[in-house]
Structure formats: C-alpha cells, structure tokens
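Structural description and commentary
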Amino acid sequence: MDIKKRIEQLSTELLRHQHLYYVKAEPEISDLEYDRLFDELVELEKKYPQLAWPNSPTKRVGSDLDNTFPEKEHTLPVLSLDKQYTIEELEKWVSKTINNAGQALSFVVEEKIDGASIVLYYKNGSLESALTRGNGVVGNDVIENVRTIKQVPLVTGETSNFAVRSEIFIKKSDFGTYNQTFENKYANPRNLAAGSLRNIKSSVVAKVPLNIFSYEGFFETAFTNDHILILSRLKELGFRINRNMGFFSASKNMVATVQGKLPEIAAGHIGDLSDYVRERLGERNRLDYEIDGLVIKVNELDVRDGLGYTAHHPRWALAFKFDAPTAQTRLLDVQVQVGRNGRVTPVGILEPVKIAGSTVARATLHNQEYIDMLELGSGDTVSISKRGDIIPAVEKVIEKDPDHPSIFKFPETCPFCLSSLVKDGAHHFCKNRECPERIKRSISYFAAKDQMDIDTLGWKTIAFLFDKGYIKGIPDLYTFDYNELLNEEGFKEKKIANIKKSVENSKKKPFRKVLTSLGFDGLGTSAVSDLIKNGFYSMDRIIEAASRRDVEIFSNIEGFGEIMGQLVIRHFTDPENLALIEELRKIGLSFEERVEKPQEAEALTFKDQVWVITGSFEHFNPRSKAAEEIEKRGGKVVGSVSTRTTHVLVGASPGSKLDKAKKLDIPIIDETEFLKMLG
Ligand SMILES: [Zn+2]
C-alpha cells in the first residue's frame, strides 16, 4: 500500500478511537489492538517524517523537546463577564435583557469551570493554534501541550474555519496525585491545569490527566442563529460539551429541538431557569471539578449583536458567582440604629478591611436572632462578605474574642429616647413617635436624593439643626429662617444661600416624590407609582378613599393585597400624619399629579403586518421602542423570519435574520424608511 495513504488511514482511525475512548467512553477496539495501530503509525512517521500529519494522533504523547509559546493575536473577542451574587439579581438581569431585546429570548446556563481558559483555532478542519486567554487580545500559543489532551479533536470534518472557546481543568480527585509529581508546587487544581499548559515539555503534560469542556463556537460560515445549535454542532465535530447545562426558552419548539439534539442537557420553559440555577448551586460540592458559579447567556446570536457590549462586558451574558468576595477582620463594637419607622438595626463596627477593592468598616447584623445565630460578640474575629452593592454582611465568627467571649444583646430601651423596645416579629422597635432619632431619620429621608433631593441638607446638617433646636420636624425645613445660622460655625452666607435655594427648588418636586418622601411604611417608589396609576393621583383622593376604611379599595390594586391595603388606610387616617400633610399643603408642595389625557390612538396603519426586527438602531434604542411603534399601529412583532413575515426592519450589524429574509424575498426596511412609514 501507498505509505502516504497508510499514514492517513492510521491517523484518521486512531483519532477516531481516541475520541471514542476519551470523550464518549465507548471504545470499539481493545487496548492491545489500539497499541498495535499506534506503534505502526509511530514507526511510519519515524521513517517518513515528511508525511506525518501536524495533528497526528501520535502528538498526544507529547515530546521531550523544549516548547516555546509564541504570542499570537486572538481573532475573536475574549471578554470577561459581569458578575452577580444573588438569584434575585440574576432574575432581574434576565427580565431586563428580555426587555432590552424587545422579544422573547432563550437562555443557556453553563457551569463556570474554575480552570484555564483556552481558544482553539481550526483551519481546514485541523487544529491550527491553541491560545491562552492572555490579556484578551494576545495570548500564548500552547498547541503542543493542548494536543496531548486526548479530549481535544485534532482533526475534524468541518471545512469552514472556526474557533472554539474552552476551559481546561483537572479533576479534584486527580489533583493530589499529580500535584506530587510537580513537587506540590500548585495551590489548587486550577493552578495545576494552567501550570501544565505552560510546561515546556509536552511529554510531561501528556501524563497529566487534563480535561476540557468547550462552550462557545465561532464559525466563519454562519449556519444558525442559535448558540445552542452551535454547541450541538461542536459535539458532532467531536468536542466535549458539558452535560451539566440548561437551556430555557419560551418556545416549545425550540425546547423540543434541543431535547432532540442534546438529550443529555436540561431543557425547559424559561420560567424554570431560577429553579435550575438553585439546583446547580446545590449540586456544586458533588462535582469532581471546581466551579465558581454559572454563566447565563442569551441564545439568539442576532440579539447578542443587538445588545452589544459595555466597556468591559458583553450585555448578553452574566456570571452568577456562588461565593461573594469575603474578608476577615475584627468586630470592634455593635451600634444600635433606630430608623424613621422605629425599627432597630444593629450595625457591626469593624476594624477597616479591604474587600473587593473597597475599604469596609461597617456591616449589617440584621437583628437579635441573626446575632444569636452567629453567636457574635465584640472582639470576635469574623468573616464578612459583599454581595452586589449591598452593605457587607457578617457571615460567621472565625474565632471568639479569647479575652472577653460574649454574645451581643440588644438593650432593653431605645438608646435615644429611653422608651422600652418592643419585639415585633424578628425585629425590635422603638414605638415612641417623639423619639428624636426617629424624627431626625424621617427628616433626613424626606430630604434624601431619591425623595425631595435637598442635597444641601445631608444627615450631619439635619442632625445638627435638630439637636440645636432649629428644626423639630419636616415642615420646619420650609419655615425655618436659615439666616439664623450665620452665627454658627461653618455656615457662611454662600452656604446658607445654597440651602435656601435647594429647599425652594424641592417645592417643584412632583406629587409622587412628595408622597414617597413622607416615608410611610410600604409606600416606596413603586407602590406610589401603582397608586397614581390606579386613579389615586392626588393627596385628597387618597385621603378620601382611606377615610372610607374599605380595604378592598386599595387591596385590589395589582401587587398590593390585603396588608398593603390596611397599611395605606392606617397611614392616611392617622391624625398625626394628616396634620403633617396639612402643613405641607400650606407650604405649597405638589399634591396632585396631572394625569395626561390618553394619547389619541394611532391610526392602525400597520394592521395585519408581521414584523421581524434585527440589528441595532439610532432612534430605537433599546429596539423594543421600534416594536412599540409597530404594535401601536396594529402590527405584530415576532422573533424569527418565516413565510408569514411581511416586513423585516434592519438596523446596523444585523444577524442571520437578514439572510433569511432575503432568501424568502421579504421586504427589507431600513431605519430611514421606517421613520418615514411612522410619519
Ligand atoms: Zn427611641
């Protein structure tokens, strides 16, 4: 037989058997048989080195020659992801993303493997280079070492050039053994995986049982608009796809397609996404490899293009991290704060410590039950964590104070007014409405940025004015003569003028801000907005309705319910509250929100039309705005192009929908034309 032919035959066969053995775990031939073929190929390659394949299966054993790792440029963006630490934040992100996209979406949930990132580049079906992440633009080519990873396809049946993002890792159970062969120089499995990839002798790397999962593919010739179908294609080409993956979609068809193509992964309705995330969270410790979270990605590639990137992250993917950043420090003291509604909150005063880039000196301790659960006292060494932007929390006690072990107990009385604290549910309350601290807090809340936004009156100034007896309540902010402060240190004419100006400006705040600024329990921004939307657009309407003491008037508002209904009635029938409201009315605050007359209905010029939107737009950002315009005029907007589509609205960098529209000969409308159609 022709030598070249035989080498080709052996190489192809052996690569196939390597894949069967190492990826599918379904060997077709015995080890003996395999070794016989392998040895034959080694012999032939030795005799005819010019005929050996660069990606020969014999490369799996590596070489004793010293490797170099030349720097090469990535041809695809290797970005890091935005992070969140709670399922609530994750859910918010999902609905925000759907909103911004202006269409139903599917999401893919993957494990975030704690390994070494690698991008595999294939040319004419053959592995051409394997670049480390590097700085995201330039990485090191470690192809000789990557070839030794048996799960990496060296030659594939794909003719279009493509690249595959993957993570290389070592199993937890293999870490101990193999770390020994490196004289235990690696701190954890990830370091060992990353270190192995940069070992200068590939023959050494070949002995380390490295694993790989591939999770993102970029094909020069696009064939689908679905990320999940790219994964399915990668699997067909021999790549190892993590089976611990979920696909969630509003489209039953799409779910069925995925169940057919990738039966090993979880596929379900979009509403099941959070449950799946919780389930994976629970499974984490049972895995034989380390993960530090999950990655949630938009499936539709044209939507990804449309959503684009911030300066640092793609807007279409999010890392859900299991562990919030933590730090160790000492609890110096516990201070008791009393809020405007009387709730007592213990705050931990910490020895300042750096965490996730910022210095932290205080932490929330929630309530007495939380402190008891932690068995926490002053002087203890504690671990604190920071999730999202919330103030850090004390997670646990690392070591009790050896000199003065104690557990913090709430005082029996309010430290500010000395009235007895009352326990209600999990929290303690100061029920004294004359409590100076409560009044100061409610004035400060009234003036805060999110409410009346009197920015010259911060907490310190308000506390000073109150303690000195200049102001006694909210209305005094408007009636007090600030010129009296000229004698006080730190108050010059300029400062006083500024205070007067910002107090005066606050009178122009709309009714909804006034209502929120009262600080009534339960009446935050969104509840107030619901009230106004449901016909309670003036103070008088609310007071009048509350005076009827019919809970249903308010509880029927969507999102309110019985308890909120009762709260609203209680707030707006309370004599002290009503007196405050009257004083504010005299001052001239806005007590009514003019509800605009509903817009004249647009003529239904788009009636019976079915639109698909792709790409991004100058005037319609997010592009849901374009969808609104279409729907206002009686048209329908759908996610994908079909024979039923009547128009395709195309913006900058459109996705594959444009190609499909062209194929189906559907009218293509650009932004300029669309604006004309809207009139
Ligand atoms: Zn008090």
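Note that this is a predicted model, so its numbers are computed, not measured.

About the thresholds
- Counting restarts for each chain: residues are numbered from 1 in the order of the written sequence.
- Totals for whole chains, interfaces and linings use all residues, but because this is a predicted model, local features are given only for residues with pLDDT of at least 70 and pairs of side-chain atoms are given and counted only at 80 or more.
- By convention in this description, side-chain values take in all heavy atoms of the structure and omit both hydrogens and water.
- Secondary structure elements are defined from DSSP: runs of H or I of at least 4 residues count as helices, runs of E of at least 2 residues count as strands, and each element is numbered from the N terminus.
- Note on definitions: a residue-residue contact is assigned when non-hydrogen atoms from the two residues lie within 4.5 Å.
- The Shrake-Rupley method, run with a 1.4 Å probe sphere, supplies the accessible areas, and residue values consider only the shown protein chains as cover.
- Sites may look incomplete, because water is not among the atoms used; the donor set itself consists of N, O and S atoms within 2.8 Å of the metal (3.2 Å for Na, K and Ca).
- Any site counts as irregular unless it has four donors with all angles between 85 and 135 degrees, making it tetrahedral, or four or six donors with opposite ones more than 155 degrees apart and the rest between 65 and 115, making it square planar or octahedral.
- Only protein chains enter the calculation, and the probe is 1.4 Å; a residue is then buried if its accessible area is under 20% of its type maximum, exposed if over 50%, and partly exposed in between.
- What makes two strands pair is DSSP finding at least two bridges between them.
- Think of each axis as a best-fit line through the C-alpha atoms, taken over the contacting stretch in the case of a helix, with angles from 0 to 180 degrees between the N-to-C directions.
- Residues belong to a common nonpolar core when they are buried Ala, Val, Leu, Ile, Met, Phe, Trp, Tyr or Cys residues joined through side-chain atoms within 4.5 Å.
- Segmentation into domains, and thus their bounds, comes from an automatic or database assignment.
- Put simply, a salt bridge is a Lys or Arg side-chain nitrogen that is within 4 Å of an Asp or Glu carboxyl oxygen.
- We call two directions roughly parallel when the angle between them is under 35 degrees, roughly antiparallel when it is over 145, roughly perpendicular when it lies between 65 and 115, and oblique otherwise.
- Helix crossings get a hand from a simple test, with the near helix turned counterclockwise from the far one by less than a right angle marking a left-handed crossing and a clockwise turn marking a right-handed one.
- In this classification, the charged set is Asp, Glu, Lys and Arg, the nonpolar set is Ala, Val, Leu, Ile, Met, Phe, Trp, Tyr, Cys and Pro, and all remaining amino acids, among them Gly, are polar.
- Expected span of a helix, by definition, is 1.5 Å for each gap between consecutive residues, and there is one gap fewer than residues.

**Looking at the overall build of the protein**
Helix and strand counts for the protein come out as 25 helices and 23 strands. Long-range pairs, those at least 24 residues apart, make up 66% of the contacts in the protein between residues at least 6 apart in sequence. For the protein, the accessible surface area stands at approximately 34,400 Å², while carbon and sulfur atoms represent 49% of it.

**Things to note about the coordination of the zinc ion**
For the zinc ion, every protein donor is listed as Cys414 (SG), Cys417 (SG), Cys430 (SG) and Cys435 (SG), and the spread of their distances is 2.2 to 2.4 Å. Its four donor atoms give the zinc ion angles of 98 to 118° at the centre, a pattern that matches the tetrahedral case. In the primary structure, the donors to the zinc ion are separated according to the pattern C-x2-C-x12-C-x4-C. On the criterion of sequence distance, the pair formed by cysteine 417 in the loop between strand S17 (393-399) and strand S18 (421-424) and cysteine 430 in strand S19 (residues 427-430) is long-range, its members being 13 residues apart. For cysteine 430, a relative accessible area of 1% corresponds to the buried category.

**Focus on the sheet that holds strand S22 (residues 647-650)**
The strand order across the open sheet built from four strands is S21-S20-S22-S23, with neighbouring strands paired in parallel fashion. The open sheet has two edge strands, strand S21 (636-638) and strand S23 (668-670), and neither has a second partner. The mean angle between the axes of side-by-side strands here comes to 35°, regardless of whether they run parallel or antiparallel. Looking at chain direction, strand S20 (residues 610-614) and S22 are connected through four bridges and run parallel. Residue pairing across strands places valine 612 opposite valine 648, the latter belonging to S22.

**Quick word on the sheet that holds strand S10 (residues 266-269)**
The sheet built from six strands is open, its strands ordered S2-S12-S11-S3-S9-S10 with mixed pairing. Of all strands in the sheet, those with a lone pairing partner are strand S2 (82-84) and S10, marking the two edges. Averaged over neighbouring strand pairs, the angle between their axes works out to 25° when direction is ignored. Sheet analysis places strand S3 (residues 106-113) next to strand S9 (residues 245-249), joined by five bridges and oriented antiparallel. Among the inter-strand pairings, valine 109 is bridged to a residue of S9, identified as glycine 246. Along the sheet, helix H3 (residues 87-101) contacts S2, S3, strand S11 (291-298) and strand S12 (317-321); its crossing angle with S12, the most-contacted strand, is approximately 175°.

**Quick word on the nonpolar core**
Counting residues in hydrophobic clusters, the biggest one holds 52 residues, and the most contacted among them are Tyr482, Phe554 and Phe572. When residues of this core are sorted by domain, at least three fall in each of domain 4 (436-506) and domain 5 (511-587). Sequence-distant contacts of phenylalanine 554, defined by excluding residues within four places in its chain, comprise Leu531, Phe536, Ile542, Ala545, Ala546, Phe560, Gly565, Val568 and Ile569. Ile143, Ile149, Ile212 and Leu237 belong to the second largest nonpolar core, which has 44 residues in total.

**A few points about the pattern of salt bridges**
As enumerated under the stated definition, the model contains 40 salt bridges in all. Residue glutamate 28 pairs with arginine 16 through a salt bridge whose shortest N-O separation is 3.0 Å. Of this pair, glutamate 28 sits in the loop between helix H1 (3-22) and helix H2 (31-47) while arginine 16 is found in helix H1, placing the two residues twelve residues apart along the sequence. For glutamate 488, the salt bridge is made with lysine 468, and the minimal N-O distance between the two is 3.6 Å. Linking glutamate 488 in the loop between helix H15 (476-479) and helix H16 (493-506) with lysine 468 in the loop between helix H14 (459-467) and H15, this pair joins segments that are 20 residues apart in sequence. Given a relative accessible area of 47%, lysine 468 falls into the partly exposed group. Three or more residues joined by partner-sharing salt bridges are found here, namely Glu110, Glu216, Lys297 and Arg304.

**Comments concerning the pairing of strand S4 (residues 116-123)**
With seven of eight residues buried, S4 lies mostly within the body of the structure. Of the pairings in the sheet, the one linking S4 to strand S7 (residues 162-170) comprises seven bridges and is antiparallel in character. Directly across from tyrosine 121, in S7, lies its bridge partner alanine 163. As defined by bridge partners, S4 adjoins strand S5 (residues 126-132) across six bridges and the pair is classed as antiparallel. Bridge pairing in S5 places leucine 120 opposite alanine 130.

**Digging into the environment of glycine 565**
By secondary structure assignment, the location of glycine 565 is in helix H21 (residues 561-573). Judged by its relative accessible area of 0%, glycine 565 falls in the buried class. For glycine 565 and isoleucine 668, which are 103 residues apart along the polypeptide, the C-alpha to C-alpha distance reads 51 Å. For glycine 565, the residues in contact, after removing those within four places along its chain, are Val551, Phe554 and Ser555.

**Examining the packing of helix H13 (residues 436-447) against H14**
Two packed helices can be described by the angle between their axes and the distance between those axes. Interaxial distance between H13 and H14 falls to 10 Å at its minimum, and their mutual angle equals 135°. Between H13 and H14, the angle is such that the two are oblique. In the packing of H13 onto H14, the handedness of the crossing is right-handed. On H14, the residues touching Pro436, Glu437, Ile439, Lys440, Arg441, Ile443, Ser444 and Ala447 of H13 are Trp459, Ile462, Ala463, Phe466 and Asp467. Of the residues contributing to the contact of H13 with H14, the split by class is eight nonpolar, one polar and four charged.

**Some words on the domain arrangement of the protein**
Domain boundaries in the protein define domain 1 (3-61), domain 2 (82-321), domain 3 (326-429), domain 4 (436-506), domain 5 (511-587) and domain 6 (610-678). Placing the centre of domain 2 and that of domain 3 at their C-alpha centroids yields a distance of 40 Å.

**As for the packing of helix H8 (residues 227-236) against helix H9 (residues 252-261)**
The geometry of H8 relative to H9 is characterised by a closest axis approach of 10 Å and an angle of 10° between their N-to-C directions. Viewed along their axes, H8 and H9 adopt a mutual orientation that is roughly parallel. Helix-helix and strand crossings are classified by hand; for H8 and H9 the assignment is left-handed. Side by side, H8 and H9 meet where Ile228, Leu229, Ser232 and Lys235 of the first sit next to Met254, Thr257, Val258 and Lys261 of the second. Here the residues of the contact of H8 with H9 are counted per class, giving four nonpolar, two polar and two charged.

**Quick word on H3**
Given 3.6 residues per helical turn, the α-helix brings residues three or four places apart onto the same face. Its 15 residues give H3 an end-to-end C-alpha distance of 21 Å, which sits within 8% of 21 Å, the value for a rise of 1.5 Å per residue. Each element contacted by the buried residues of H3 is listed here: S3, helix H10 (273-283), S11, helix H11 (301-307) and S12. Once H3 finishes, glycine 102 follows within two positions and takes phi at roughly 70°, a positive value.

**A short note on unusual backbone geometry**
The backbone phi angle of aspartate 453 is positive, close to 55°, even though this residue is not glycine. On the secondary structure map, aspartate 453 appears in the loop between H13 and H14. Phi is positive for aspartate 665, close to 60°, though the residue is something other than glycine. Within the secondary structure, aspartate 665 sits in the loop between helix H24 (656-663) and S23. Residue class for aspartate 665 comes out exposed when judged on its relative accessible area of 69%.

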